[in-house]
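Residue-level listing of the chains:
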Amino acid sequence: MPSPVTGEVEARLIALACSTPPKGHARWSLRLLERHVALSEDIPNLDHSTIGRVLKKRNCVLT
């Protein structure tokens, strides 16, 4: 089974992680990203550990 994490999925995750966090949150967390990915129709459902691996691979640090 091919990985659901394609280059396009990585790009969308990075764009989301670099965007302004939702109202009521000072920053993105992996679990918050996981919840937003689950609501997104253009990104396959990924768990927070997979999201963390993608961001780490691309040297994206959540602040």
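Preceding this paragraph is the structure being described.
Residues numbered from 1 in each chain as written. Predicted model: local features only at pLDDT ≥ 70, side-chain atom pairs only at ≥ 80, totals over all residues. Heavy atoms only, no water.

**Considerations on the overall build of the chain**
Then step 1. Along the backbone of the chain there are three helices and zero strands.
Then step 2. In sequence order, the chain lays out its α and β elements as α-α-α.
Then step 3. Computed over its C-alpha atoms, the radius of gyration of the chain comes to 11 Å, within 12% of the 11 Å expected for a compact globule of 63 residues.
Then step 4. Here the chain, with 63 residues, has 30% of them falling under the buried criterion.
Then step 5. By sequence separation, contacts in the chain at least 24 residues apart represent 47% of the contacts at least 6 residues apart.
Then step 6. Charge-centre separation for the chain: the mean point of 9 positive side chains lies 9 Å from the mean point of 6 negative side chains. (Helix = DSSP H or I, 4+ residues; strand = E, 2+ residues; numbered from the N terminus. Rg over C-alpha atoms; globule rule 2.2 N^0.38 Å. Buried < 20%, exposed > 50% of the residue type's maximum accessible area, 1.4 Å probe, protein only. Contact = heavy atoms within 4.5 Å. Lys, Arg positive; Asp, Glu negative; His and termini not counted. Charge placed at Lys NZ, Arg CZ, Asp CG, Glu CD.)

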